[in-house]
Amino acid sequence: MSNPREEFLAGERPEDVALFLADSYVSDDRLEQFGDRVDDGILIVVDGESGRSAFQAATGTGAMEFAKSAMSTEGDIDDALTTGQCPEADGEGHAVQFIFAFAEEQNEEVGGIYAEGDVVHAYAQCTCGTAYSDRWNAGDAPEA
């Protein structure tokens, strides 16, 4: 039996997106039919179009607009796509509300980590309002 999250993180599902929605942000038991229950929320891996629509419906923000706004602030997002370390964290009170992620196939012409393999791009929203991003080669855990 396949595991969509593992396949996504291995770079085997570049046409899909992953969404994590914290229970503290969205509490809707119907989401479980679309994804996996994790400690503090639901993680969904679906085709890109459906994922972007679901992200918009859950957050009220367009997925790519959110990604663009988060891109300018680097933070740490765990490779399980369910938690992160807000770059503004100076104590308690910081938690991930949601994460949007997609994988980009290896592109040697671009260079850098893109030449090394498929790249996972992840974007998180903290409860403090900070949006931040992280990226890593598929199959590798991001550096903390």
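The notes below deal with the structure included here.

A word on unusual backbone geometry
Okay, step 1: One non-glycine residue with positive phi stands out, namely L81, at about 65 degrees.
Okay, step 2: Residue placement: L81 occurs in the loop between β4 (76-77) and β5 (84-85).

Concerning the nonpolar core
Okay, step 1: Ranked by size, the top nonpolar core spans 22 residues in total, and within it F8, F20, I77, L81, I99, A122 and Y132 carry the most contacts.
Okay, step 2: Excluding its chain neighbours within four sequence positions, the residues that come into contact with I99 are A18, L19, F20, I77, L81, T82, T83, A122, Y123 and A124.

Topic: helix α3 (residues 63-70)
Okay, step 1: If you check which residues of α3 are buried, you get A63, F66, A67 and A70. Looking straight down α3, one finds its buried side chains confined to an arc of 100 degrees; they lie on one side. Facing away from the buried side of α3, by more than 90 degrees, are the exposed residues E65 and K68.
Okay, step 2: Residues of α3 that are buried make contact with α2 (48-59), β6 (96-104), β7 (119-126) and β8 (131-137).

Details of the sheet that holds β8
Okay, step 1: Here six strands make up an open sheet; going across it, the order is β2-β3-β1-β6-β7-β8 and the pairing antiparallel. Sheet topology places β2 (36-38) and β8 at the edges, where each strand pairs with a single neighbour. On average, adjacent strands in this sheet sit at an angle of 20 degrees to one another, irrespective of strand direction.
Okay, step 2: As defined by bridge partners, strand β1 (residues 16-22) adjoins β6 across five bridges and the pair is classed as antiparallel. Within β6, the residue paired with L21 across the bridge is F98.
Okay, step 3: Its contacts with the sheet place α2 against β1, β3 (41-47) and β6, and it is angled at close to 25 degrees to β1.

What to know about the packing of aromatic side chains
Okay, step 1: Within the structure shown, the criterion is met by seven aromatic pairs.
Okay, step 2: Ring plane angle 55 degrees and centroid distance 5.4 Å describe the contact between F55 and F100, whose orientation is recorded as tilted. A residue pair is termed long-range when its members are at least 10 positions apart, and F55 in helix α2 and F100 in strand β6 qualify at 45 residues.
Okay, step 3: For F55, a relative accessible area of 1% translates into the label buried.
Okay, step 4: Ring centres 6.3 Å apart and planes at 50 degrees place the aromatic pair F100 and F102 in the tilted group.
Okay, step 5: One aromatic cluster in this structure is built from Y25, F55, F66, F98, F100, F102 and Y123.

Quick notes on the environment of A22
Okay, step 1: Here A22 shows up in strand β1.
Okay, step 2: Beyond its immediate stretch of four places on either side in the chain, A22 contacts D40, G41, V96 and Q97.

A short note on the pairing of β6
Okay, step 1: Counting buried positions along β6 yields eight of nine residues, so the element is predominantly enclosed.
Okay, step 2: Here eight bridges tie β6 to β7, and the two strands are oriented antiparallel to one another. Bridged to A101 within β7 is A122.

Comments concerning the pairing of β3
Okay, step 1: Counting buried positions along β3 gives six out of seven residues, so the element sits mostly inside the fold.
Okay, step 2: Strand direction decides the pairing type here: β1 and β3, joined by seven bridges, are antiparallel. Opposite L19, over in β3, you have I44 as the bridge partner.
Okay, step 3: Here β2 runs beside β3; their pairing, made up of three bridges, is antiparallel.

Cut-offs used in this document
- Residues numbered from 1 in each chain as written.
- Predicted model: local features only at pLDDT ≥ 70, side-chain atom pairs only at ≥ 80, totals over all residues.
- Heavy atoms only, no water.
- Helix = DSSP H or I, 4+ residues; strand = E, 2+ residues; numbered from the N terminus.
- Core = buried A, V, L, I, M, F, W, Y, C linked by side-chain atoms within 4.5 Å.
- Buried < 20%, exposed > 50% of the residue type's maximum accessible area, 1.4 Å probe, protein only.
- Contact = heavy atoms within 4.5 Å.
- Arc of directions from axis to C-beta.
- Pairing = 2+ DSSP bridges.
- Axes fitted to C-alpha atoms, helices over the stretch in contact; angles between N-to-C directions.
- Phe/Tyr/Trp six-rings, centres within 6.5 Å; stacked < 30°, edge-to-face > 60°.

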